[in-house]
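The chain contents come next:
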Amino acid sequence: MDKKDIATRFSRYAKFYDSFSDIQREICRQLINEIKVKPQEILEIGSGTGFYTDLLQKKFPASRIASLDISEEMVKIAKKRIEKSQFFVADGEEAPVKRRFSLITGSSCFQWFFNLRESLFQYKGILKEEGEILFSIFGSDTFQELREIVEMPTFLKSKMELAEIMKELNGSLREERMIEEHPSLLSFLKKIKYSGEGISIRHGLWTKGVIENLEKAYKSRFKRIVATYQIFFCKIS
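All figures in this text were calculated on a predicted structure; none of them were measured in a lab.

A. How the structure looks around the pattern of salt bridges. On inspection of all chains with the given rule, the structure shows 19 salt bridges. Across the salt bridge formed by Arg 99 and Glu 41, the nearest N and O atoms sit 2.5 Å from each other. Of this pair, Arg 99 sits in the loop between strand E3 (86-89) and strand E4 (101-107) while Glu 41 sits in strand E1 (residues 41-45); the two residues are 58 residues apart in sequence, bridging distant segments of the chain. Given the relative accessible area of 10%, Glu 41 is considered buried. Between Glu 180 and Lys 191 there is a salt bridge, with its nearest N and O atoms 2.3 Å apart.

B. Looking closely at empty space enclosed by the protein. As enumerated under the stated definition, the model contains 1 cavity of 30 Å³ or more in all. In terms of lining, the largest cavity is formed by 34 residues, of which the most central are Gly 46, Gly 48, Asp 69, Ser 108 and Cys 109. Elements with a contribution of two residues or more to the lining of the largest cavity: helix H1 (3-12), helix H3 (22-32), E1, helix H4 (51-59) and strand E2 (64-69). Considering only residue class, the lining of the largest cavity consists of 15 nonpolar, 12 polar and 7 charged.

C. Representation of the packing of aromatic side chains in the model. All chains considered together, the criterion is met by 11 aromatic pairs. Summarising the aromatic geometry, the rings of Phe 10 and Trp 112 are spaced 5.7 Å apart at their centres and angled 90° between planes, so their arrangement reads as edge-to-face. Placement of the pair is Phe 10 in helix H1 and Trp 112 in the loop between E4 and helix H6 (116-125), with a sequence separation of 102 residues. Classification of Phe 10 by relative accessible area gives buried; the value is 13%. Residues Tyr 13 and Tyr 194 carry aromatic rings whose centres are separated by 5.2 Å and whose planes lie at 85° to one another, so their mutual orientation is edge-to-face. You can see Tyr 13 sitting in the loop between H1 and helix H2 (14-17) and its partner Tyr 194 sitting in helix H9 (residues 185-194), a full 181 residues away along the chain. Take Tyr 13 and Tyr 194: they sit in the same class, and that class is buried. Taken together, the ring pairs connect Tyr 13, Phe 16, Phe 20 and Tyr 194 into an aromatic cluster. The ring of Phe 114 is capped by Lys 3, whose NZ or CZ atom sits 4.8 Å from the centre of that ring.

Thresholds, definitions, all that
Residues numbered from 1 in each chain as written. Predicted model: local features only at pLDDT ≥ 70, side-chain atom pairs only at ≥ 80, totals over all residues. Heavy atoms only, no water. Salt bridge = Lys/Arg side-chain N within 4 Å of Asp/Glu carboxyl O. Helix = DSSP H or I, 4+ residues; strand = E, 2+ residues; numbered from the N terminus. Buried < 20%, exposed > 50% of the residue type's maximum accessible area, 1.4 Å probe, protein only. 1 Å grid on protein atoms, 1.4 Å probe; cavity = no way out; pocket = protein on both sides within 12 Å on 5 of 7 lines; lining within 4 Å. Points joined across faces, edges and corners; volume = space filled by probe spheres on them. Nonpolar A, V, L, I, M, F, W, Y, C, P; charged D, E, K, R; others polar. Phe/Tyr/Trp six-rings, centres within 6.5 Å; stacked < 30°, edge-to-face > 60°. Lys NZ or Arg CZ within 6 Å of the ring centre and 35° of its normal.

Spelled out as structure tokens, the structure:
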């Protein structure tokens with residue numbers, strides 16, 4: 001999946017995102033409590049529909065916030081939600097940011113970076129003295145149940161990979177896991193679809209028959225339709 005595909009997917013389902021992103025909102029609430037600095041200038045990566053932006057603005061009303069998102073439709077929704085913040089349609093991995101910031105932060109978006117290590121080094125280069133980079137990122141154990149059933153590989157980074165990157169940057173990480181239960185596999189797949197995530201079955205399409213067979217296998221293996229989210233809260237200063 002390339003960046004154009006990612007932007008298209010998030011834009012296509014932007015109007016549904018808030019109805020299917022309760023896990024992402026909970027992660028935002030935890031992430032905001034991790035901030036220890038009192039920033040004057042904030043750079044937000046992956047603003048989405050503006051939920052985390054709103055939390056930042058309420059916690060730091062005097063701060064200047066610049067928010068980036070790769071999806072034009074997401075940015076349109078965020079602008080309607082929050083008038084004071086500056087929003088830009090841009091790829092956070094490639095945006096030519098020249099200003100310096102005392103807080104660079106983003107929730108549940110850094111897993112989409114193709115070269116996370118390089119991007120974090122670049123962001124550290126525009127960090128003000130005493131500033132911090134703080135972000136949340138999904139780990140490779142996310143949706144481990146579904147991946148086991150369909151033998152689906154993951155592009156998400158493991159704890160070991162993230163720990164190595166954090167070590168290079170003199171950063172730290174904290175792991176948390178959240179478990180969701182769904183009434184059916186179809187409802188779980190709908191949530192993945194409308195929250196912008198993309199998945200594919202190795203040998204076939206998500207037809208009605210395929211979903212029914214997978215649900216039987218899922219319940220046979222796990223008794224219920226459960227989904228694990230592995231989340232890392234990462235900090236660099």
